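# Observations on the three-dimensional arrangement
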Amino acid sequence: MTHAVDIAILGAGAVGQLICRQLVAAGMKVGFIGRNALGSSEQLLSCSPLVSANDYQHSDQHDDQQQAQAIHYSVPILAADALDNIRLLIVCVKAYQVLDALSPLLKHLPSQCHILLLHNGMGPHLALAQLIDGQAGGGSGLSLGTTSQGVLRQAPWQIQQTGQGLTQFGHFAGFPLDEHYRHALLHAIPGSEWVDAIIPCLWQKLAVNAAINPLTAIHNCNNGALAQPEFCDTISNILDELVNVAAHDGISLDRRNLQERVYRVIELTATNYSSMHQDIAHQRRTEIDQINGYICERAKVHNLSAPVNVKLWGLVKQLEAEYHRGIL
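I will try to describe carefully the structure that is included in this document. For clarity, every value in this text was computed on a predicted model and none was experimentally measured. (Residues numbered from 1 in each chain as written. Predicted model: local features only at pLDDT ≥ 70, side-chain atom pairs only at ≥ 80, totals over all residues. Heavy atoms only, no water.)

## Here we look at the overall build of the protein chain
Broken down by element type, the protein chain carries eleven helices and eleven strands. Expressed as a percentage of its 328 residues, the buried residues of the protein chain come to 48%. Sequence separation of 24 or more characterises 72% of the internal contacts of the protein chain that already satisfy a separation of 6 or more. For the protein chain, the accessible surface area stands at approximately 15700 Å², while carbon and sulfur atoms represent 49% of it. (Helix = DSSP H or I, 4+ residues; strand = E, 2+ residues; numbered from the N terminus. Buried < 20%, exposed > 50% of the residue type's maximum accessible area, 1.4 Å probe, protein only. Contact = heavy atoms within 4.5 Å. Areas by Shrake-Rupley, 256 points an atom, 1.4 Å probe, with all protein chains shown as cover.)

## Some remarks on the packing of helix α7 (residues 232–248) against helix α8 (residues 255–268)
Where α7 contacts α8, the axes come no closer than 10 Å and their chain directions differ by 135°. With respect to their mutual orientation, α7 and α8 come out oblique. Classified by chirality, the crossing of α8 by α7 is right-handed. Each of Cys232, Ile235, Ser236, Leu239, Asp240, Leu242 and Val243 in α7 lies in contact with α8, whose residues at this interface are Arg255, Leu258, Gln259, Val262, Tyr263 and Ile266. (Axes fitted to C-alpha atoms, helices over the stretch in contact; angles between N-to-C directions. Parallel < 35°, antiparallel > 145°, perpendicular 65-115°, else oblique. Left-handed = near helix turned anticlockwise from the far one by under 90°.)

## Quick notes on the packing of helix α6 (residues 198–219) against α7
In contact at an axis separation of 10 Å, α6 and α7 are set at 150° when each is read in the N-to-C sense. The two elements α6 and α7 meet at a crossing, and its hand is right-handed. Residue-level inspection shows Trp203, Leu206, Ala207, Ala210, Ala211 and Leu215 of α6 in contact with α7, the latter providing Thr234, Ile235, Ile238, Leu239, Leu242, Val245 and Ala246. Taken together, the residues of the contact of α6 with α7 sort by class into twelve nonpolar, one polar and no charged. (Nonpolar A, V, L, I, M, F, W, Y, C, P; charged D, E, K, R; others polar.)

## Quick notes on the pattern of salt bridges
Tallying each qualifying case throughout the model produces eight salt bridges. Lys94 is the partner of Asp279 in a salt bridge, and the nearest nitrogen-oxygen pair spans 3.7 Å. With a gap of 185 residues between them, Asp279 in helix α9 (residues 275–281) and Lys94 in the loop between β5 (88–91) and α3 (98–102) connect regions that are remote in the sequence. Taking relative accessible area as the criterion, Lys94 reaches 28% and is therefore assigned partly exposed. Linking Asp249 and Arg298 is a salt bridge whose minimum nitrogen-to-oxygen distance equals 2.9 Å. Here the residue Asp249 occupies a position in the loop between α7 and α8, and Arg298 occupies one in helix α10 (residues 292–301), the gap between them amounting to 49 residues. (Salt bridge = Lys/Arg side-chain N within 4 Å of Asp/Glu carboxyl O.)

## Observations concerning the environment of Ile212
Mapped onto the fold, Ile212 is located in helix α6. Considered as a pair, Ile212 and Ser275 are 63 residues apart in the sequence and their alpha carbons are 9.7 Å apart. Other than its neighbours up to four places away in sequence, Ile212 contacts Asn223, Leu226, Val262, Val265, Ile266 and Ser274.

## Some thoughts on α7
Helix length check: α7 (17 residues) gives 25 Å between terminal C-alpha atoms against 24 Å at 1.5 Å per residue, within 8%. Gly250 lies just past α7 and shows a positive phi near 85°. (Expected span 1.5 Å × (residues − 1).)

## Re the side chain of His277
Looking at the secondary structure, you find His277 in helix α9. With relative accessibility at 7%, the residue His277 sits in the buried group. Ignoring sequence-local partners within four residues, the contact set of His277 consists of Thr216, Ala217, Asn220 and Cys221.

## What to know about the environment of His277
The spacing of His277 and Ile212 is 65 residues in sequence and 9.5 Å in space, taken between C-alpha atoms. A distance of 3.0 Å separates the side chain of His277 from the side chain of Gln278, its partner in a polar contact. (Polar contact = N/O pair within 3.5 Å; in protein donor to acceptor, adjacent residues only side chain to side chain.)

## Notes on the pairing of strand β9 (residues 158–163)
Each regular strand carries side chains that alternate between the two faces of the sheet. Across five bridges, the pairing between strand β8 (residues 150–155) and β9 is antiparallel. Paired with Ala155 across the two strands is Gln158, which belongs to β9. Linking two consecutive strands that pair antiparallel, namely β8 and β9, is a turn of two residues. (Pairing = 2+ DSSP bridges.)

## Comments concerning the packing of aromatic side chains
Counted under the stated rule, the structure contains two aromatic pairs. Centre to centre, the rings of Trp203 and Tyr294 are 5.7 Å apart; their planes meet at 50°, and the pair counts as tilted. In this pair, Trp203 is assigned in helix α6 and Tyr294 in helix α10, connecting sequence segments 91 residues apart. Look at Trp203 and you get buried, because its relative accessible area is 1%. Residue class for Tyr294 comes out buried when judged on its relative accessible area of 7%. (Phe/Tyr/Trp six-rings, centres within 6.5 Å; stacked < 30°, edge-to-face > 60°.)

## With respect to the pairing of strand β7 (residues 141–147)
In terms of residue burial, β7 counts as a mostly covered element, since seven of its seven residues are buried. Residues Gly141, Ser143, Gly145 and Thr147 of β7 are buried on one face, and the alternating residues Leu142, Leu144 and Thr146, pointing to the opposite face, are buried as well. Relative to β7, strand β6 (residues 114–118) runs parallel, the two sharing five bridges. Bridging from a neighbouring strand, Leu116 pairs with Ser143 of β7. Relative to strand β10 (residues 167–174), β7 runs antiparallel, the two sharing seven bridges. By the bridge assignment for β10, Ser143 is matched with His171.

Shown next, in the form of C-alpha cells:
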C-alpha cells in the first residue's frame with residue numbers, strides 16, 4: 001500500500017488530519033509519518049498498519065438544519081525507510097516542534113522532495129531554508145502556508161471541521177513546488193490560493209495571532225472579550241510594533257487594514273478560545289516564541305524596540321513556568 005504514497009504529512013493533529021482528509025477525498029495518495037519514524041516500517045506497520053479517521057463535513061438540509069456526516073478513510077503510517085517516493089512533505093506540527101521533528105528525517109527524504117510548512121507563527125522557515133540549502137544533491141524546495149480553516153480534534157483519530165477559511169500557499173526557498181502538487185493542493189483544499197509573495201500573508205496572520213493569543217491567555221478570556229475598550233491601546237501598540245519590525249524586514253503592511261482584520265476575527269470568533277488560551281489551560285507549551293517572540297527577535301536584529309510584545313512574551317512564558325511548577 002505504501003509504494004503508491006507520494007505525499008506525506010508530519011503531524012497528525014487536527015490540522016494535519018483535516019488536510020489529509022481533504023487530499024484523500026481528492027484522490028491523492030497520502031500517508032502520515034509516525035512518531036517513531038526512524039524505526040523500520042515493518043515494525044511500525046505491524047503495530048498499527050492503518051490509521052482510521054473520521055471527520056465531519058456540514059451540509060445544508062432542507063429545513064436549514066446542519067447535520068454532520070461522518071466520512072471514514074484509512075492511510076498508512078510511514079517510517080523513514082518508506083519515504084523514497086515522497087515528493088511533497090506537509091509539516092503540520094507546532095511551530096516549536098518543526099526543526100526537532102523534521103531535521104532527523106531530511107537525510108531520508110529524496111532529493112526531489114518539496115517541504116511545505118503549515119503552522120502558526122514564524123521563525124522555523126529561516127533555519128530550515130539553510131538546512132535544505134545545505135542538503136547534498138539539491139533539488140528540494142520549501143514552501144510556506146497558512147490556513148484559517150476551523151477544526152477540532154474530538155478523539156485521537158476523529159476531528160470536526162468547525163468552519164471554512166482562507167488557506168494560502170507560496171514558495172519561499174529552493175526549487176519551486178511541482179505544478180502537479182500545487183494543483184493538487186488547490187483542488188483539494190476549499191478556499192485555497194497560491195500567492196507569489198507568501199511572507200506578507202504570514203505577517204498578516206502573525207498580527208492576528210500576536211494580538212489575540214497572548215491577551216486571551218493572560219486574561220483567561222474568550223476572543224470576544226478583546227473587543228472591550230480596555231484592550232484597545234494594547235492591541236494598537238502590538239500592531240504598531242509589528243508593522244515597524246516588518247517594514248525593516250522589507251515587508252510593507254497596511255496598518256489600518258491590519259487592525260480591521262484583527263477586530264473582524266475577534267468579532268467572528270467571539271465565543272472561541274484561542275489556541276494559546278487552551279494551551280495554558282491544559283498546561284501545554286505555547287507557540288508564544290514563534291508569535292510575539294518572533295516579533296521581538298526580529299526587532300533585535302534591526303536594533304528596534306518592541307516593549308509591548310516583549311512584555312506579553314514574558315507574561316505568557318511566566319504562565320508556562322508557573323503551570324510547570326504547579327503554582328496555578
